[in-house]
Amino acid sequence: MKNIALFILMLCAIPTMAQGELKFGYLSYDAMLTSMPQYAQMQGDMEILRNQYEAEQKRVENDFNTKYEEFLDGQASFPKTILQKRQSELQEMLNKNIAFKKQSQQLLEKAQADALAPLKTRLAETLAQIGQERGFAFILNTDANAAPWINVTMGEDITEAVKEALQK
């Protein structure tokens with residue numbers, strides 16, 4: 001998919017290439033995102049939220065373990081109906097704990113995506129501004145070895161320019 005997008009960008013740049021000039025910028029998107037001052041704050045907030053969910057998971061796990069130990073201690077003396085009721089309660093608790101753990105994970109992922117959204121928007125706006133100002137045909141993300149080689153006479157590393165713009 002990335003190769004197709006790059007190919008399309010290159011096709012769009014052919015008129016520029018016919019004029020003898022193709023300029024592009026390149027940078028590591030992930031490095032720029034993580035260098036933003038707000039990123040550290042977002043990570044701290046996410047860690048607090050993650051710790052809260054983990055504490056709640058530990059609490060419900062301890063509650064379950066306590067009930068289970070009580071069940072084991074008394075199961076020999078319980079009448080059949082009480083034994084079945086307690087087993088049902090334990091099964092219900094276990095199911096709720098599993099559901100809570102799954103839901104917690106989904107909520108943490110959504111919270112992180114929501115927290116990253118304004119940072120990604122700001123970075124995209126900054127890249128668009130720098131691309132326009134410098135007359136780039138496109139800006140290439142070098143993450144994941146997407147560009148194993150770049151001709152530096154045609155491209156410009158815009159890492160420092162983006163860092164400066166994001167600090168403002």
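Here's a quick rundown of the structure. Keep in mind the model is a prediction, meaning the values are calculated, not measured.

## Examining the side chain of Asp143
Within the secondary structure, Asp143 is located in the loop between β2 (138-141) and β3 (155-157). At 2.8 Å, the side chain of Asp143 and the backbone nitrogen of Asp30 are in polar contact. Apart from the residues lying within four places of it in its own chain, the contact partners of Asp143 are Ser28, Tyr29 and Asp30.

## Notes on the side chain of Thr159
The topology assignment puts Thr159 in helix α6 (residues 159-167). With sequence-adjacent residues up to four places away left out, Thr159 is seen in contact with Tyr26, Leu27 and Met32.

## A closer look at the pairing of strand β1 (residues 24-27)
Along a regular strand, successive side chains alternate from one face of the sheet to the other. Neither face of β1 is left uncovered, since the one carrying Phe24 and Tyr26 and the one carrying Gly25 and Leu27 both have all their residues buried. Relative to β2, β1 runs parallel, the two being bridged by four bridges. The residue bridging Tyr26 from the neighbouring strand is Leu140, located in β2. Where β1 meets β3, three bridges bridge the pair, whose relative direction is parallel. Across the sheet, residue Phe24 finds its bridge partner in β3, namely Gly155.

## A closer look at unusual backbone geometry
For Ala144, which is not glycine, the phi torsion reads 55° and is therefore positive. Among the structural elements, Ala144 can be located in the loop between β2 and β3. On the accessibility criterion, Ala144 (68% relative accessible area) is exposed. One non-glycine residue, Asn145, lies in the positive phi region at around 55°. If you trace the backbone, Asn145 turns up in the loop between β2 and β3.

Definitions and cut-offs
- Residues numbered from 1 in each chain as written.
- Predicted model: local features only at pLDDT ≥ 70, side-chain atom pairs only at ≥ 80, totals over all residues.
- Heavy atoms only, no water.
- Helix = DSSP H or I, 4+ residues; strand = E, 2+ residues; numbered from the N terminus.
- Polar contact = N/O pair within 3.5 Å; in protein donor to acceptor, adjacent residues only side chain to side chain.
- Contact = heavy atoms within 4.5 Å.
- Buried < 20%, exposed > 50% of the residue type's maximum accessible area, 1.4 Å probe, protein only.
- Pairing = 2+ DSSP bridges.

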